[in-house]
Amino acid sequence: DKFMKKLPEPFKLVEGELQPFSDSIKELVSSDQPVLSMAAKHFFEKRHGKRFRPTIVQLMAAAVAASNVEGLAGDSSGASKISTPINPSNHKGSEVWRRQAQLGQIVEMIHVASLIHDDVLDEADTRRGGEAVHKLYSNKVAVLAGDYLLARASVLLARLENTAVVQIMATALESLVSGEIMQLKSPPESLLQMDTYLRKSYYKTASLVCYACRSVALLGGHAYNSEVATACEEFGYHLGLAYQVQDDILDFTGVASVLGKPALADMDLGLSTAPILYAAQEYSALRPLVMRRFKKSGDKQTALEHLFKSETAMKKANDLAMFHAEKAIEALLRLPESEARNALVRLTWVVITRKK
Ligand code: FPP
Ligand code: MG
Ligand code: MG
């Protein structure tokens, strides 16, 4: 903890860069249909959330610019793998930088679209400390507002004029949908499996982060299969998983008023996440409850009792988040040292120690 606090503060470092971000994103999502504008803008004004994803994109953009001159740490051939090297001191304000910042906006728009749809699917009434879009308007408007944001994000994506990035980000969209359908339709036996849980978590959360990170490297001039692009993607993959595992822990340990969304919501949706899966490994009595998605009355209470009785389940879930956080940091350390890279190390720590 002490060590982490010596590193640059990730959110502070890009604060200035994210301010114009909020102003222009509101314009980008305005429509001649007032209700779409209002619903779409909702999460970019007061309720803009933690802005984790755009912060990651912005920091990664600076970190990969630093890679251009030095190549990979310990890799003398690094420079030859880069197609259009840019001087890191000219990066901020450059065309490359502008496109990477735009990618940050695209990622936040996709994320917000998925949250608006998610709250319809999950029948969750609150988000980011306020009413969910479907509560403010209706399910129908929420579906359309999410679609509208996706449409706007697609236009911005095309404007990047980089077909590889378009393909990567379109695949990220596909993954989000796969994750949701997997969560909805997994056969009972697979509900007990840790690897099904992790694959679903990859699809619904990590994919967007890891594809965004690879795209930042590509926009920065690094080749698709360069070690820089791969390190970026691996960082995003592990950070995304750490983020989701922590999210699932907070569903049990967090407080709705702090989270800004309902707590203890996953079991209501029939979902077993890391803490419950570890508890079910310890107490076989929990397994049928997991498989029937806590449908019988009293199931949720029983599951909670076992979870809190267990001395290892919650600790194992925390260790799992920690494992992925360490892997994420390992990937970062393959990039050359820079202020932005160190801020990303600290951000990884924030992800697994956050309370909301
Ligand atoms: C939040 O998970 C949900 C997601 C990360 C992805 C949702 C994706 C869709 C609804 C598919 C549609 C996709 C697009 C691109 C519109 P959660 O419900 O576990 O988290 P929560 O506690 O924040 O609600
Ligand atoms: Mg959901
Ligand atoms: Mg949800």
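Look a little higher up for the structure.
So, here is what we can say about the structure in this document. (Residues numbered from 1 in each chain as written. Chains lettered and ligands numbered in written order. Predicted model: local features only at pLDDT ≥ 70, side-chain atom pairs only at ≥ 80, totals over all residues.)

Attention now moves to the site of ligand 1. In the vicinity of ligand 1, 17 residues are found, and the nearest of them are A113, S114, H117, D118 and L176. Of all elements in the fold, only α6 (95–121), α8 (139–159), α9 (163–185) and α10 (194–219) reach the threshold of two or more residues within the shell around ligand 1. The element best represented in the shell around ligand 1 is α6, accounting for 6 residues. Residues of the shell around ligand 1, tallied by class, amount to 8 nonpolar, 4 polar and 5 charged. (Near = placed C-beta within 6 Å. Helix = DSSP H or I, 4+ residues; strand = E, 2+ residues; numbered from the N terminus. Nonpolar A, V, L, I, M, F, W, Y, C, P; charged D, E, K, R; others polar.)

Moving on to the environment of D125. One can find D125 in the loop between α6 and β1 (126–127). Judged by C-beta crowding, with 12 C-beta atoms within 10 Å, D125 ranks as exposed. Sequence-wise, D125 and A206 are 81 residues apart; in three dimensions their C-alpha atoms are separated by 24 Å. Excluding its chain neighbours within four sequence positions, the residues that come into contact with D125 are E131, A132 and K135. (Buried ≥ 20, exposed ≤ 12 C-beta atoms within 10 Å, placed from the backbone. Contact = placed C-beta atoms within 7 Å.)

Let us now look at the packing of α6 against α8. Packed helices, taken two at a time, are described by their axes: the angle between them and the distance between them. Two elements in contact, α6 and α8, have axes separated by 9 Å at closest approach and are oriented at 160°. On the basis of the axis angle, α6 is roughly antiparallel to α8. Judged by the sense of rotation from one axis to the other, the crossing of α6 with α8 is left-handed. Residue-level contacts link Q102, Q105, I106, M109, I110, V112, A113, I116, H117 and V120 of α6 to N139, A142, V143, A145, G146, L149, L150, R152, A153, L156 and L157 of α8. Its residues assigned to classes, the contact of α6 with α8 shows 15 nonpolar, 5 polar and 1 charged. (Axes fitted to C-alpha atoms, helices over the stretch in contact; angles between N-to-C directions. Parallel < 35°, antiparallel > 145°, perpendicular 65-115°, else oblique. Left-handed = near helix turned anticlockwise from the far one by under 90°.)

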